[in-house]
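Descriptive analysis of the structure
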Amino acid sequence: MKQIKIALVGQPNVGKSMLTNAIGDTTLHVGNFSGVTVEKKEITFKYKDYEISIVDLPGTYMLTNYSIEEKVTSDFLQNEEYDLILNVADSTNLERNLQLTSELLNLEKKMLIALNMTDEAKKENIEINANYMSELLGVSVVQVSAVTKEGIEKLVHNIIQTYEKPKKESKLVFSEAIEEEILNIITHLSDNKFQSKLSYRKIAINLIGEDKETYRMLLDEPIWITLQPILLESIKHIKMHHDEEAMIDIFADEFMAFNNGILAETVKIKNMDVTKLTTTQKIDNVLIHPFLGIPIFLFLMWGLFQLTFEIGSIPMDWIDGFFGWLGSTVGESISNDDIRSLIVDGLIAGVGAVVLFIPNIIILFVGIALLESTGYMSRVAYLLDGFFHKFGLHGQSFIPLVTGFGCSIPAYMSARILKNDKDRLLTLFIIGFMSCGARLPVYVLFVGAFFSPESSGNILFSIYICGAILGIIMAKVLKMTAFKGESEPFVMEMPKYRLPSVVLIWHTVKSKTWMYLKKAGTFIAAASVLIWFLSNYPHDDNLKHDYENKIELAIGIESKNMLSNELNQKLLEQSFLGHIGKFIEPVFEPLGMDWKMAVALQTGLAAKEVVVSTLGVLYSLGGDVDEQDSSLKERLSQNIPFASAVAFIIIMMIYLPCLAATIVFSKEAGGLKYTFYLFLFTTFVAYAFAFIGYHITLAI
Amino acid sequence: MGKTIIDCDINKSYLVKKLHTTGALRQRLISFGILKGTQIKYLASTKMNATYEIQVGKMTIALRKDEAMKIEVDEYEAN
């Protein structure tokens with residue numbers, strides 16, 4: 001079986017991920033926002049006698065190093081091993097897309113072009129003569145549509161053809177002035193019989209185009225001495241012809257002229273009415289309206305959170321019921337007390353508390369995926385940049401920040417779209433203020449316990465908003481102190497609005513939810529068992545016997561209950577967890593928190609979902625008899641003063657994200673020292689605000 | 001410096017005359033096809049003119065006021 005390795009390259013928003021999805025059955029994430037596919041993604045499939053693997057490179061407008069993604073792409077194309085380039089272009093905007101195509105042609109690799117979005121082009125009355133274009137460019141050109149799957153068969157067929165046939169000479173030509181100088185350099189190289197892996201033409205173009213690698217390569221060669229004056233003369237000539245512009249401008253100009261020539265020959269646009277507004281313009285007239293834009297955005301966000309809460313609560317009841325049933329069923333079949341407690345109170349209760357929040361998380365992830373894939377996300381960046389810029393952030397910081405509402409891990413990773421180091425670091429430090437999906441369970445629990453059901457949606461929304469506002473204020477503080485300096489320029493494309501692809505959203509949500517579940521099954525299950533152990537051991541049998549005897553002797557249900565509660569309390573206090581909690585209690589006392597809350601917060605450092613299961617274990621221990629039906633919510637509202645609950649929520653909002661996210665943060669920020677700073681920063685801010693919040697609530 | 005994007009009239013076309021910037025920003029603008037001689041159209045701006053929206057070919061580009069001020073333009077005479 002022959003193996004073909006393909007580098008998939010295209011500008012942002014040309015539907016690359018969709019195309020790979022259409023070719024083979026894969027789970028790639030697609031976004032309309034420039035650079036959602038930051039990571040290099042690879043798919044492999046079999047076709048006839050070939051095993052074809054496609055590396056989906058980050059979208060790039062040009063082969064420059066403007067952002068990290070663009071650098072990834074241009075490095076890969078120039079240095080990695082692959083058989084051919086598959087260039088994806090948007091049929092409705094070839095003028096722009098071919099700019100990258102000409103740069104790719106310049107790489108002198110085997111290549112073919114997929115003109116994607118053929119269906120859209122037809123609707124816009126754009127007629128493309130792909131065969132003639134193929135002839136003019138000297139590479140295979142196939143019209144495809146990732147949406148309707150049109151042309152996909154032919155594309156795969158042509159991939160094989162391109163692979164099997166020898167590489168054709170590129171037909172990319174420059175203007176006469178440049179071609180003349182290229183020829184001069186080629187002549188000099190061949191006169192001196194210069195040895196190189198690159199073709200003479202490629203070397204000449206690279207030298208004129210100021211390619212650093214080529215200069216580095218030639219600098220050590222004896223030929224450099226004679227080549228240098230020729231090159232200097234050539235560059236002087238070219239610049240003279242182009243009004244002394246910079247080389248990058250000249251090359252862009254040259255490519256554009258070449259492309260316009262091709263397009264004039266191959267593309268016909270019938271009866272295009274320039275005065276008629278496109279759908280995107282019509283939508284934009286409303287969505288990015290100077291006055292209505294931001295209120296509409298806030299409304300959409302508010303709607304998303306309402307939905308998360310309202311609709312999510314329905315399946316939550318079912319899940320809750322299921323785990324209750326599972327716990328009692330399994331419990332009946334185990335005779336050993338310790339093992340039963342481990343399985344039912346530790347494992348099932350802990351994991352159940354986490355799985356309970358799957359519906360909320362699915363709805364939230366669907367919402368974020370919708371924002372991304374429709375193209376609305378970049379509008380929001382446009383609307384908010386003015387505001388964000390005032391606080392030292394970048395309009396594009398919005399993307400990682402909003403992703404942060406889902407999960408901090410992808411949020412930290414998506415901060416790579418910010419090119420400037422300081423802008424990126426600043427955004428990284430603020431992401432934690434955007435409450436992630438894992439914190440949602442804790443909020444839902446506390447809001448449910450301490451507020452009326454009617455106001456719970458609004459309260460939840462204000463928790464998220466307060467966190468976000470606080471984060472932005474902190475950004476300003478950091479920008480004025482730790483991250484002084486120039487801001488990154490804000491220049492970005494606002495892509496056409498597109499209907500989201502159900503398949504891709506499904507894949508995204510599925511993989512995210514699966515990740516959450518896997519975490520529940522492994523990490524959180526282990527953490528629940530650990531906490532169960534810490535709270536149940538060491539056993540104090542004497543104490544237990546004492547109380548059991550007292551309960552036996554007591555008269556009336558009330559006094560029996562009182563004694564059994566007292567026993568549970570005492571048992572907890574002498575457990576390992578009780579000792580840890582007692583040890584750190586003084587720190588949390590000014591916030592009105594007892595050791596149980598303190599312990600719950602500590603366990604949240606491992607993973608935020610664990611806080612719920614910890615509270616579950618801590619507050620329902622030993623509550624057999626008649627308190628069986630009372631839920632964790634009720635227990636919390638009975639045992640925790642309102643002001644302490646407020647302080648608890650505030651700490652949850654601000655303090656260090658989970659262990660996994662902290663590890664990712666440390667990787668993205670570029671060093672452990674930043675993790676240490678983040679710890680100090682979040683701990684200090686969290687404590688300070690919780691203290692203030694506690695005392696304000698007490699005063700009211 | 002002459003007229004820049006921030007002095008333009010809404011929904012009118014202009015020709016780029018000069019980019020008053022170098023390095024990464026220039027590269028970025030060029031990669032969007034904004035270079036000398038390109039026809040651009042000023043579409044809108046946000047409140048307080050913090051961010052501008054321009055059309056380059058078929059693309060819509062958003063840029064901040066600081067960046068918009070670096071793109072010098074000439075009137076475009078439609079024939």
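The structure presented is a predicted model; accordingly, all values stated were derived computationally and were not measured.

1. Topic: the packing of helix H26 (residues 576-588) of chain A against helix H27 (residues 595-603) of chain A
All names here are of chain A. Packing of H26 against H27 leaves a shortest axis separation of 8 Å and a crossing angle of 100 degrees. One element, H26, and the other, H27, form an angle in the roughly perpendicular class. Where H26 approaches H27, its residues Leu577, Gly578, Ile580, Gly581, Lys582, Ile584, Glu585 and Phe588 are matched on the opposing element by Trp595, Lys596, Met597, Ala598 and Val599. Partitioned by chemical class, the residues of the contact of H26 with H27 number eight nonpolar, two polar and three charged.

2. Some points on the packing of helix H21 (residues 440-450) of chain A against helix H22 (residues 456-480) of chain A
How two helices sit against one another is set out by the angle between their axes and by the gap between those axes. Residues and elements named next belong to chain A. At a minimum axis separation of 10 Å, H21 and H22 run at an interaxial angle of 135 degrees. The pairing of H21 with H22 is recorded here as oblique in orientation. Seen along the crossing, H21 lies across H22 with a hand that is right-handed. Mapping the contact onto sequence places Tyr443, Val447 and Gly448 in H21 and Ser456, Ile459, Leu460 and Ile463 in H22. Its residues placed into classes, the contact of H21 with H22 shows five nonpolar, two polar and no charged.

3. With respect to the nonpolar core
Residues and elements named next belong to chain A. Counting residues in each nonpolar core, the largest one holds 196 residues, and the members touching the most others are Ile649 and Ile651. Take this core: its biggest share by element is 10 residues, from helix H30 (residues 642-654). Apart from the residues lying within four places of it in its own chain, the contact partners of Ile651 are Leu601, Ala686 and Ala690.

4. A look at H26 of chain A
All names here are of chain A. Taking 1.5 Å of rise per residue, the 13 residues of H26 would be expected to cover 18 Å, and the 18 Å separating its terminal C-alpha atoms lies within 8% of that figure. Most pronounced at Lys582, the bend in H26 amounts to some 35 degrees, and the proline Pro586 follows within four residues. Those residues of H26 lying buried are Leu577, Gly578, Gly581 and Phe588.

5. Some details on unusual backbone geometry
One non-glycine residue, Lys193 of chain A, adopts positive backbone phi at about 50 degrees. Relative to the elements of secondary structure, Lys193 of chain A occurs in the loop between helix H7 (176-191) and helix H8 (200-208). The class of Lys193 of chain A is exposed, set by 7 C-beta atoms lying within 10 Å. One non-glycine residue, Asn11 of chain B, lies in the positive phi region at around 65 degrees. Counting through the fold element by element, Asn11 of chain B comes out in the segment before strand S1 (13-19).

6. Focus on the interface of chain A and chain B
Of the residues lining the interface, 27 residues belong to chain A; the matching set on chain B comes to 26 residues. Among the secondary structure elements, those contributing two or more residues to the side of chain A that touches chain B are helix H3 (94-105), helix H11 (247-266), helix H17 (376-390) and strand S9 (491-493) of chain A. With five residues, the top contributor of residues to the side of chain A that touches chain B is H17 of chain A. Its residues assigned to classes, the side of chain A that touches chain B comprises 14 nonpolar, six polar and seven charged.

7. Considering the pairing of strand S2 (residues 39-45) of chain B
Residue and element names in this part refer to chain B. Strand direction decides the pairing type here: S1 and S2, joined by three bridges, are antiparallel. Residue pairing for S2: Ser13 is matched across the bridge by Lys41. Pairing of S2 with strand S3 (residues 51-56) involves five bridges; the strand directions are antiparallel. Paired with Ala44 across the bridge in S3 is Glu53.

8. Comments concerning the pairing of strand S4 (residues 59-64) of chain B
All names here are of chain B. Of all the six residues making up S4, six are buried; the element is thus mostly covered by neighbouring parts of the structure. Both faces of S4 are covered, namely the face carrying Met59, Ile61 and Leu63 and the face carrying Thr60, Ala62 and Arg64. The pairing of S3 with S4 spans six bridges and is classified as antiparallel. Paired with Thr51 across the bridge in S4 is Arg64. The turn joining S3 and S4, which pair antiparallel and follow one another in sequence, is formed by two residues; a positive phi near 60 degrees is taken by Gly57.

9. Examining the confidence of the model for chain B
Residue and element names in this part refer to chain B. Mean pLDDT over chain B works out to 88, with 97% of the residues at or above the 70 mark. When mean pLDDT is compared element by element in chain B, S3 scores highest at 92, while helix H1 (residues 23-31) scores lowest at 86. Among the prediction metrics, the complex's ipTM stands at 0.92, with pTM recorded as 0.76.

About the cut-offs
Residues numbered from 1 in each chain as written. Chains lettered and ligands numbered in written order. Predicted model: local features only at pLDDT ≥ 70, side-chain atom pairs only at ≥ 80, totals over all residues. Axes fitted to C-alpha atoms, helices over the stretch in contact; angles between N-to-C directions. Helix = DSSP H or I, 4+ residues; strand = E, 2+ residues; numbered from the N terminus. Parallel < 35°, antiparallel > 145°, perpendicular 65-115°, else oblique. Contact = placed C-beta atoms within 7 Å. Nonpolar A, V, L, I, M, F, W, Y, C, P; charged D, E, K, R; others polar. Left-handed = near helix turned anticlockwise from the far one by under 90°. Core = buried A, V, L, I, M, F, W, Y, C linked by C-beta atoms within 7 Å. Buried ≥ 20, exposed ≤ 12 C-beta atoms within 10 Å, placed from the backbone. Expected span 1.5 Å × (residues − 1). Bend = angle between axes of the 7 residues up to and from the residue. Pairing = 2+ DSSP bridges. pLDDT = per-residue confidence, 0-100.

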